[in-house]
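Observations on the three-dimensional arrangement
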Amino acid sequence: MTEEKEVKNDLIVSINYTLKVDNEVIASSIEDEEPLEFLQGHGNIIIGLEREILGMKIGEKKDVIVSPVDGYGEIDEEAYIEIPSNQFPENIPVEVGIELEIQDEDGNPAYARIEEIENNIVLLNLNDPLAGKELHFSVEVLELREASEEELDHGHAHQEGHSH
Ligand code: ZN
């Protein structure tokens, strides 16, 4: 009796995927010619995708639609800050659409995008660019393998021949 191999928690899963948002390709492991490898069941990938991959078999393909709440989150109306434009470092152009890295209250790097400039006040949007978006994935399971003890310990996949 042969056991059909399928995606289970604690297995290392290798997939090809394409991510489309608003009918535009945002990311594709096929274009990058580098399949995505991750440890199933440890939140290494978007939760709404991980859930749908569970139980898939090698060679199986699937289209998965992930709602914002299971993706990059809903748009947070509180995640905006206003800064006078004369407080901007001179090397950063003050233009709508400019993306920058700022420090949050805890000193951690955070993403921000200039949303609006009015009366010399710059409105920064701290939401992830994919917040509030429906994610359209096409996935194919390429390979499955057992995770090493170290990988399970770290909670993520290691590249072949590489550990840290
Ligand atoms: Zn590690």
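Residues numbered from 1 in each chain as written. Predicted model: local features only at pLDDT ≥ 70, side-chain atom pairs only at ≥ 80, totals over all residues. Heavy atoms only, no water.

Quick word on the overall build of the protein chain
- Check the secondary structure of the protein chain and you find two helices and nine strands.
- Mapped in sequence order, the helices and strands of the protein chain form the string β-β-β-α-β-β-β-β-β-β-α.
- The C-alpha atoms of the protein chain give a radius of gyration of 20 Å, which is well past the 15 Å a tight globule of 164 residues would have.
- Oriented by its inertia axes, the alpha-carbon framework of the protein chain measures out at about 75 × 35 × 30 Å.
- Sequence-distant contacts in the protein chain: of pairs separated by 6 or more residues, those separated by 24 or more amount to 61%.
- Accessible surface, the protein chain as shown: approximately 10800 Å² in total, 43% of it carbon and sulfur.
- Distance between charge centroids for the protein chain: 12 Å, based on 10 positive and 41 negative side chains. (Helix = DSSP H or I, 4+ residues; strand = E, 2+ residues; numbered from the N terminus. Rg over C-alpha atoms; globule rule 2.2 N^0.38 Å. Contact = heavy atoms within 4.5 Å. Areas by Shrake-Rupley, 256 points an atom, 1.4 Å probe, with all protein chains shown as cover. Lys, Arg positive; Asp, Glu negative; His and termini not counted. Charge placed at Lys NZ, Arg CZ, Asp CG, Glu CD.)

Section: the sheet that holds strand β7 (residues 109–118)
- Judged by pairing direction, the sheet is antiparallel, and its four strands sit side by side in the order β5-β8-β7-β6 without closing on themselves. Each edge of the open sheet carries a strand with a single partner, namely β5 (80–84) and β6 (99–103). If you compare each strand with its neighbour and ignore which way they point, the axes differ by 45° on average.
- Relative to β7, β6 runs antiparallel, the two sharing five bridges. Of the residues in β7, the one forming a bridge with leucine 100 is alanine 112. (Pairing = 2+ DSSP bridges. Axes fitted to C-alpha atoms, helices over the stretch in contact; angles between N-to-C directions.)

Describing the packing of aromatic side chains
- Within this structure, the stated rule accounts for one aromatic pair.
- Ring plane angle 55° and centroid distance 6.4 Å describe the contact between tyrosine 17 and phenylalanine 137, whose orientation is recorded as tilted. In this pair, tyrosine 17 is assigned in strand β1 (residues 11–21) and phenylalanine 137 in strand β9 (residues 135–146), connecting sequence segments 120 residues apart. Assigned by exposure class, tyrosine 17 and phenylalanine 137 land together as buried. (Phe/Tyr/Trp six-rings, centres within 6.5 Å; stacked < 30°, edge-to-face > 60°. Buried < 20%, exposed > 50% of the residue type's maximum accessible area, 1.4 Å probe, protein only.)

Here's the deal with the pattern of salt bridges
- All told, the structure shown has seven salt bridges when counted by the stated rule.
- Lysine 57 is the salt-bridge partner of glutamate 6, the closest N and O atoms lying 3.7 Å from each other. One end of the pair, glutamate 6, is in the segment before β1; the other, lysine 57, is in the loop between α1 (47–53) and β4 (61–66), with 51 residues separating them in the sequence.
- Exposure remark for lysine 57: the relative accessible area of 28% places this residue in the partly exposed category. (Salt bridge = Lys/Arg side-chain N within 4 Å of Asp/Glu carboxyl O.)

What about the confidence of the model for the protein chain?
- Summary statistics for the protein chain give a mean pLDDT of 92 and a share of 96% for residues scoring 70 or more.
- The weakest mean pLDDT in the protein chain belongs to β6 at 88; the strongest belongs to β4 at 98. (pLDDT = per-residue confidence, 0-100.)

Here's the deal with the pairing of strand β2 (residues 24–28)
- Inspection of the sheet shows β1 paired to β2 by four bridges, in the antiparallel sense. Note on β2: the bridge partner recorded for leucine 19 is alanine 27.

A few points about unusual backbone geometry
- Not every positive phi belongs to a glycine, and aspartate 10 is a case in point at roughly 75°.
- Tracing the backbone through its elements, the reader meets aspartate 10 in the segment before β1.
- The phi dihedral of asparagine 120 is positive, around 65°, even though this residue is not glycine.
- Mapping asparagine 120 onto the fold places it in the loop between β7 and β8 (121–125).

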